[in-house]
Amino acid sequence: MFGFLFSPCFMKEFLKKYRAPLVIVAVLATHLTLGLLRLESYSAVDEPYWTYQRTPKFWKAIAEGKWRSTNINDKPGITTAILSGAGLLKIDPLPYKSLRDDIKTDEEFRAINDINFFFRLPIFLFCFLSLPVFFLLLKKLFDETTALVAFILIGFSPILFGISLIINPDSLLWIFLPLSVLSYFVFQKNAEKKYLYMSGLFLGFSILTKYVANILYIFFFALPFLEYLFSKDKPALRTYLKQSAINYIILVAISCATFFAFFPATWKHPEMILEGTFLSKAFESTWPLFVGIITLIALDAALLKSKTAAFILEILSRYRTRFIQATFILFIAALFFVALNTFTGMSIFNTDASLASPKGSGGDGSNLFIFADNIVADLYSLMFGISPLALFALIATLTLGITKRHIASRETRIAFFLSLFIFLYYIASTVNHVIATVRYQITLFPFACILAAIGISFFLTSNRLRKYQEDAVAIAAVLATFIFSLISLLSVKPYYFAYTSFLLPEPYFVNLKDMGDGSWEAADFLNHLPNPREISIWSDKGAVCAVFIGECRTGLSQKDLRDLQVDYVVVSSGRRSRTLKLSHPGSDPIDFKKAYETNETTRTFIIGNRSENFIKILPAENLFLRSDSSDTSSTEN
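What you are looking at is a predicted structure, and each value in this text was computed from that prediction instead of being measured. Chains are numbered independently. Their residues run from 1 in the order of the written sequence. Since the coordinates come from a predicted model, pLDDT governs what is reported: local features require at least 70, and pairs of side-chain atoms require 80 or more to be given and counted, while whole-chain, interface and lining totals use all residues. The side-chain values count all of the structure's non-hydrogen atoms but skip hydrogen atoms and water molecules.

1. Some words on the overall build of the chain
For clarity, the threshold we go by: Put simply, DSSP marks the helices as runs of H or I at least four residues long and the strands as runs of E at least two long, and each gets a number from the N terminus on. Computation of the radius of gyration draws on C-alpha atoms alone. For the globule rule, the value is 2.2 Å times the number of residues to the power 0.38. Whether two residues are in contact is decided by their heavy atoms, any of which lying within 4.5 Å being enough. What sets the accessible areas is the Shrake-Rupley method with a 1.4 Å probe; for residues, cover comes only from the shown protein chains. Charged residues are defined here as Lys and Arg on the positive side and Asp and Glu on the negative side; His and the ends of the chain fall outside this count. Note on charges: their place is set at NZ of Lys, CZ of Arg, CG of Asp or CD of Glu.
When its secondary structure is counted, the chain shows 27 helices and five strands. Computed over the C-alpha atoms, the radius of gyration of the chain is 26 Å, within 12% of the 26 Å expected from 2.2 N^0.38 for a compact globule of 637 residues. By its C-alpha atoms, the chain is 85 × 70 × 50 Å across when sized along the principal axes. Considering only intrachain contacts with a sequence separation of at least 6, the fraction spanning at least 24 residues in the chain is 77%. Roughly 27400 Å² of accessible area belongs to the chain as shown, and the carbon and sulfur atoms make up 63% of that amount. A gap of 12 Å separates the mean positions of the 60 positive and 51 negative side-chain charges of the chain.

2. Re the layout of surface pockets
Threshold: Definitions used throughout: a 1 Å grid over protein atoms alone; a cavity as a set of points that fits a 1.4 Å probe which cannot get out; a pocket as an open set with protein on both sides within 12 Å along at least five of seven lines; a lining residue as one with an atom within 4 Å of a point. Grid points are joined across faces, edges and corners, and a volume is the space filled by probe spheres set on the points. Note on residue categories: nonpolar means Ala, Val, Leu, Ile, Met, Phe, Trp, Tyr, Cys or Pro, charged means Asp, Glu, Lys or Arg, and polar means any other residue, Gly included.
Taken as a whole, the second largest pocket spans an internal volume of roughly 460 Å³. Lining the second largest pocket are 16 residues; nearest its centre among them are F221, L241, A245, I297 and A298. Elements represented by at least two residues in the lining of the second largest pocket include exactly helix 10 (215-229), helix 11 (237-262) and helix 14 (287-304). Residues belonging to the lining of the second largest pocket are distributed by class as follows: 12 nonpolar, two polar and two charged.

3. Here's the deal with the sheet that holds strand 3 (residues 568-572)
Each strand in a sheet pairs with its neighbour through backbone hydrogen bonds, running either in the same direction (parallel) or in the opposite one (antiparallel). Threshold: Pairing between strands requires that DSSP locate at least two bridges from one strand to the other. Orientation is described by lines fitted to C-alpha atoms, with helices fitted over the stretch in contact, and by angles between N-to-C directions that extend from 0 to 180 degrees.
Taken in spatial order, the five strands of this open sheet run 2-1-3-5-4, and their pairing is mixed. The open sheet has two edge strands, strand 2 (551-553) and strand 4 (603-606), and neither has a second partner. Taking the axes of each pair of neighbouring strands and ignoring which way they run, one obtains an average angle of 20° across the sheet. Of the pairings in the sheet, the one linking strand 4 to strand 5 (residues 614-619) comprises four bridges and is antiparallel in character. The residue of strand 5 that forms the bridge with R603 is I617.

4. Topic: empty space enclosed by the protein
Here the structure, examined in full by the defined rule, presents four cavities of 30 Å³ or more. In this structure, the largest cavity spans a volume of roughly 60 Å³. Of the voids in this model, the second largest cavity is the one considered here, and its volume is about 50 Å³. Considering the residues around the second largest cavity, the lining is formed by A498, N511, D514, D517, K541, S572, S573, I607, N613, F614 and I615.

5. Regarding a positive patch on the surface
Here is the rule: Patch rule: a residue counts if its relative accessible area is over 30% and it has no salt bridge; like charges are joined within 9 Å, and nonpolar side chains (Val, Leu, Ile, Met, Phe, Trp, Tyr) within 5 Å. Basic side-chain nitrogens of Lys or Arg form a salt bridge, by our definition, when they fall within 4 Å of a carboxyl oxygen of Asp or Glu. Working definition: with a 1.4 Å probe on protein chains only, accessible area under 20% of the residue-type maximum means buried, over 50% means exposed, and in between means partly exposed.
A cluster of like positive charges, contributed by R238, K242, K305 and K307, occupies part of the molecular surface. Within the fold, R238 resides in helix 11. Taking the relative accessible area as the measure of exposure, R238 reaches 44% and is therefore partly exposed.

6. A short note on the packing of aromatic side chains
Which entries qualify depends on this criterion: Pairs were defined over the aromatic rings of Phe, Tyr and Trp, the Trp ring being its six-membered one, requiring ring centres within 6.5 Å. Orientation was assigned from the angle between planes: stacked under 30 degrees, edge-to-face over 60, tilted for the rest.
Under the criterion given, the structure shown has 33 aromatic pairs. With a centroid separation of 6.5 Å and an interplanar angle of 75°, the aromatic rings of F525 and F605 are classed as edge-to-face. Highlighted residues: F525 in helix 23 (residues 519-527) and F605 in strand 4, separated in sequence by 80 residues. Taken together, the aromatic side chains of Y184, F187, F219, F220, F421, Y425 and F447 make up a single cluster linked through ring pairs.

7. Quick look at unusual backbone geometry
Each neighbour pair has its own omega, and for K493 with P494 the value is 0°, a cis peptide bond. For P494, the location among the structural elements is in the loop between helix 22 (470-491) and helix 23. Cis geometry marks the peptide bond from E506 to P507; its omega dihedral reads 10°. Here the phi dihedral of M346 falls at roughly 55°; this positive angle occurs in a residue that is not glycine. The residue M346 is located in the loop between helix 16 (320-343) and helix 17 (351-356) in this model.

8. Some thoughts on the pairing of strand 3
Counting buried positions along strand 3 yields five of five residues, so the element is predominantly enclosed. Sheet topology note: the strand 1 (residues 536-539)/strand 3 ladder contains three bridges and is parallel. If you follow W538 over to strand 3, its bridge partner there is V569. Sheet analysis places strand 3 next to strand 5, joined by five bridges and oriented antiparallel. Within strand 5, the residue paired with Y568 across the bridge is P619.

9. Focus on the state of the cysteines
What counts is decided by this rule: To count as a disulfide, a pair of cysteine sulfur atoms needs to be within 2.5 Å.
According to the stated counting rule, one finds one disulfide in the structure shown. At a sulfur-sulfur separation of 1.8 Å, the disulfide partner of C545 is C552. Between C545 and C552 the sulfur-sulfur dihedral comes to about -40°; the bridge is accordingly left-handed. The burial state of C545 is the same as that of C552; both residues are buried. Cysteine C127 remains unbridged, with the sulfur of C449 as its closest cysteine sulfur at 14 Å.

10. A few points about a nonpolar patch on the surface
Taken together, F311, I312, I315, L316, Y319 and F323 make up a surface patch of nonpolar side chains, about 530 Å² in accessible area. Here the nonpolar patch takes four residues from helix 15 (residues 307-318), the largest share from any one element. Counting through the fold element by element, I312 comes out in helix 15.

11. Description of the pattern of salt bridges
By the definition in use, this model includes 17 salt bridges. Taking the shortest distance from any N to any O, the salt bridge between R38 and E521 comes out at 2.8 Å. On the criterion of sequence distance, the pair formed by R38 in helix 2 (residues 8-38) and E521 in helix 23 is long-range, its members being 483 residues apart. For the pair shown, R38 and E521 are each scored as buried. Between K66 and E64 there is a salt bridge, with the nearest N and O atoms lying 3.3 Å from each other. Each of R19, K139 and E144 takes part in salt bridges that share partners, so that together they form one network.

Below, the structure written as structure tokens:
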């Protein structure tokens, strides 16, 4: 009997039948295990704004019926406050709000760890439970192998996994926005209204999370026209446009209704619905053009029975394959240029400098050099923020998608739509004077994984592999994707959000605007020194202070640094630019420049296997410049 169970024939049938459930369970089990181990042993920047301010404020406003006060943030971050608010059932964070810089008792330190764990847990579990939804929608669009490969790449993406451990709107945006797009793609394919409703629901939650999701209003408006170009049996245009307009109105209505239902501030001030959607700051620079296009299409339909639209679409339809080829070739050329710029020491564009100051870039399109610089920086973060397997497979999609064999396939069409969305997102970011760092473009990472899965699917159907059994090739591809993706995830453990592909040469790393990776480890090291509550430190990162049980200082003003007496100085690469910019060389008691450059440290934590991405703990006595600080003592390890 056992011989039969392990026979090749039985194993082949077993894997063919159960490979999807086995892979899904394996990915989810790994995801859950690694996540639960990391939730408490992590200290992130910006999180205190949610744990001690925004989330308690939101739920207090709900309890007191003060609906206007639920407007807690300009993101607006409502979904973040709703989910993280489950932590309030376990612990009240407010008594511990002001402890960051103070000496902490054991009870206070345990409470801070509990706050981090219980406020992060609901967000992490929501992301975890959303992963199977990705697979279900992907399976509606593609074959099972492609859906599984995309699911693995998304589930094991270090960047996506890392952001899901943090209380931040971006932790949820990468779930809601891609699911809205995938639901709409399924609706386009199957014409089942429930997927249109799902898309509108996810769009509403996306906007509740972050106003940047308003870009989907433009994308969803354009998709029916793009879909029409690729239709083999084209329907009557006027009827098609009328039905598309109805579908779009339904989508917008559901998204606005969702926004209204879950954002109590709109109950008191309904005009906030418009302020959060079509009149939001994210839409500010584009909505006049958008409204103008809608008006022209409506006038054409009413006065000319859509004859102008029919004429334009007929011409464009003749060149539809050219559009795909041009888009993919442009994408490949852009990736090649980013690689060339990077491997020549950033000789053309200084991407590092751009990513270090991502806001207010000035890239409004009037300066082509700045515009190009921003796009290069955006692509750089995506290229080297995904695994090498995902990158090469993405390039395979762009390369094979323009061949005669694949260019007419639905997979290529979806790849074309996703590529256009990526470019649209980058252009919108540039127009709004923002460079899309890893966190700012977190929502594009699932799309990159899906593009990669399409490339692997194209490769599996190549003539070279047709001589092998289809099931065996598919199982091998899924297994290989699982193994290589897991290696990428574990290679950066525990600094998941600091992941940088090994393809990127030293000394560069992707995530210059980090979320606090290494802060907990640095604080934990200090907490295990003899008499840690008698130790005083200065840190350039408040996330270190938040979980250090001794006294901690962080300020850079002359007042903050006056009479500074500390035992250790803790500096990080992510705060180097800010600290040196705000410091006062010659008058500060600490030589900050030396702190960042010296290798004479008590302990150095290398983040994400990148020597230039670090947190250093240095004895203060080697850094003090003033004689009145010469008596400062250093606690020995």
